[in-house]
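# Structural description and commentary
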Amino acid sequence: MSENISLPLRPGRPKNDNPEFVPPEGKDTLSFNEKMMAAAKGFTATFAFAIHIAFARQRGLRKRMPPRARLQAIEALLQGICFHYDPLANRVNVTMTNLAIECGLATETVHDTHTNVSISRATRALEALRDMGLITYKTEFCATLGCNFPTDISFLPDFFRALDISERAVEGACRSRHAYKNMQRKEQGLPELSLEENIEEAWGAMRKRFYGYHLKRKQQGERRAKALRDAERTRSEIQNLVRRELTKEIAAGTFPIDRTAADAEIERRVKQRMIQSRGNYTRLAA
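If you're wondering where the values come from, they're calculated on a predicted model, not measured in any experiment.

## With respect to the packing of helix α8 (residues 195-230) against helix α10 (residues 259-277)
Interaxial distance between α8 and α10 falls to 8 Å at its minimum, and their mutual angle equals 80°. Relative to α10, α8 is oriented roughly perpendicular. Note on element contacts: α10 touches α8 through Arg-273, Gln-276 and Ser-277, opposite Arg-223, Lys-226, Ala-227 and Asp-230. When its residues are assigned to classes, the contact of α8 with α10 shows one nonpolar, two polar and four charged.

Structure follows, in structure tokens:
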């Protein structure tokens with residue numbers, strides 16, 4: 001961040017006038033990605049960029065050349081998406097929030113009880129690249145988690161052509177990652193996968209990790225909220241609530257019809273809720 005960030009800003013002027021991608025500490029990238037990052041430097045000043053803007057204007061997706069602040073955001077964002085690119089899955093393996101923060105495109109607003117992080121500057125830059133026909137940019141809402149999955153960003157053939165990267169180089173990077181993944185599987189005693197199977201697994205790996213982590217956090221939050229409600233209840237009241245829950249589960253077929261197992265489960269749940277209701281949200285063992 002620049003030192004004059006606290007000075008009064010002109011209307012419409014971004015807080016960070018010179019966004020720059022800063023790689024996450026302790027994380028390396030592929031040599032192919034480093035070549036893309038080098039090729040992407042200064043891309044917004046090239047004729048290829050102007051041509052793609054003209055194509056977007058012709059299709060009615062853009063009205064004019066992006067302003068200077070948007071061009072700076074695109075420059076920083078290109079470095080970030082190239083750094084996090086996975087040639088095997090042809091997708092950018094990073095969440096939008098982390099990407100915006102690393103590129104200096106996120107702003108933070110502090111309220112009385114919470115802090116909001118805005119990434120709209122990064123999303124507008126991605127939308128510009130999408131309208132130019134260089135990338136795909138899609139979001140999907142997960143009703144189970146109550147939030148969006150990590151944004152799906154992949155590179156279209158025109159992206160590599162605009163950076164003057166040959167199809168052979170892209171295919172070579174993909175096959176190199178395929179061989180590396182199979183080598184890892186061999187070391188773990190697992191059978192090798194075909195190229196298509198490895199691509200499918202690589203595409204879903206990040207979403208699977210995201211879903212597992214946030215589902216765990218969501219369940220933890222639900223347990224904490226339940227514990228706060230149980231703090232005012234007696235043991236007998238909690239026991240009645242648990243019996244009611246288990247009765248519904250047995251009727252729905254999600255719990256086996258076994259009286260002994262049901263009694264043991266009631267005792268376990270009551271004990272767990274009693275411990276949590278007394279302030280032990282994560283230490284479930286008495």
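## Points about α10
The end-to-end C-alpha distance of α10, which contains 19 residues, comes to 27 Å, matching closely the 27 Å that a straight helix rising 1.5 Å per residue would cover. One side-chain oxygen at the N-terminal end of α10 lies 3.0 Å from the backbone nitrogen of Thr-260; it belongs to Asp-258.

## Topic: the environment of Arg-233
Residue position: Arg-233 is located in the loop between α8 and α9 (235-252). Its relative accessible area of 28% is what places Arg-233 among the partly exposed residues. Spatially, the C-alpha atoms of Arg-233 and Ile-74 are 55 Å apart, while their sequence positions differ by 159 residues. Discounting residues that sit within four places of it in the chain, Arg-233 has contacts with Ile-238, Leu-241, Arg-273 and Arg-278. Side chain to side chain, Arg-233 and Asp-230 meet in a polar contact 2.5 Å long.

## Considering the side chain of Glu-75
Relative to the helices and strands, Glu-75 resides in helix α3 (residues 68-83). For Glu-75, which is buried and forms no salt bridge, the nearest opposite charge comes from Lys-41, at a distance of 9.1 Å. Reaching out from Glu-75, the side chain makes a polar contact with the side chain of Thr-44 at a distance of 2.7 Å. Discounting chain neighbours no more than four positions away, the residues touching Glu-75 are Ala-40, Lys-41, Gly-42, Phe-43, Thr-44 and Ala-45.

## Observations concerning the pattern of salt bridges
Within this structure, the stated rule accounts for 15 salt bridges. With a closest N to O distance of 3.7 Å, Asp-131 and Arg-130 form a salt bridge. Owing to a relative accessible area of 35%, Arg-130 belongs among the partly exposed residues under this scheme. The closest approach of N and O atoms between Arg-269 and Glu-265, which form a salt bridge, is 2.6 Å. Pair noted here: Arg-269 and Glu-265 are both in helix α10, with a separation of four residues, about one helical turn. On the accessibility criterion, Arg-269 (15% relative accessible area) is buried. For Glu-265, a relative accessible area of 15% translates into the label buried.

## Quick notes on the layout of surface pockets
Its boundaries defined by the atoms lining it, the largest pocket holds a volume of some 720 Å³. Lining the largest pocket are 29 residues, with Asp-86, Asn-93, Arg-177, Lys-181 and Arg-209 positioned closest to its centre. Mapped onto the lining of the largest pocket, the elements with two or more residues apiece are β1 (85-86), α4 (96-102), α7 (167-187) and α8. No other element matches the seven residues that α8 contributes to the lining of the largest pocket.

## A closer look at the packing of aromatic side chains
With the rule as written, the count across this model stands at seven aromatic pairs. An angle of 25° between the planes, with centres 4.2 Å apart, marks the rings of Phe-155 and Phe-159 as stacked. One exposure class covers both Phe-155 and Phe-159, and it is buried. Ring plane angle 70° and centroid distance 5.9 Å describe the contact between Phe-155 and Phe-160, whose orientation is recorded as edge-to-face. Comparing Phe-155 with Phe-160 shows no difference in burial state: the two are buried.

## Remarks on the pairing of strand β8 (residues 152-155)
Side chains Asp-152 and Ser-154 of β8 all project onto a buried face; the interleaved residues Ile-153 and Phe-155 project onto the opposite face, where all are buried too. Bridge count for strand β5 (residues 135-138) against β8 is four bridges, and the pairing is antiparallel. By the bridge assignment for β8, Ile-135 is matched with Phe-155.

About the thresholds
Residues numbered from 1 in each chain as written. Predicted model: local features only at pLDDT ≥ 70, side-chain atom pairs only at ≥ 80, totals over all residues. Heavy atoms only, no water. Axes fitted to C-alpha atoms, helices over the stretch in contact; angles between N-to-C directions. Helix = DSSP H or I, 4+ residues; strand = E, 2+ residues; numbered from the N terminus. Parallel < 35°, antiparallel > 145°, perpendicular 65-115°, else oblique. Contact = heavy atoms within 4.5 Å. Nonpolar A, V, L, I, M, F, W, Y, C, P; charged D, E, K, R; others polar. Expected span 1.5 Å × (residues − 1). Polar contact = N/O pair within 3.5 Å; in protein donor to acceptor, adjacent residues only side chain to side chain. Buried < 20%, exposed > 50% of the residue type's maximum accessible area, 1.4 Å probe, protein only. Lys, Arg positive; Asp, Glu negative; His and termini not counted. Salt bridge = Lys/Arg side-chain N within 4 Å of Asp/Glu carboxyl O. 1 Å grid on protein atoms, 1.4 Å probe; cavity = no way out; pocket = protein on both sides within 12 Å on 5 of 7 lines; lining within 4 Å. Points joined across faces, edges and corners; volume = space filled by probe spheres on them. Phe/Tyr/Trp six-rings, centres within 6.5 Å; stacked < 30°, edge-to-face > 60°. Pairing = 2+ DSSP bridges.

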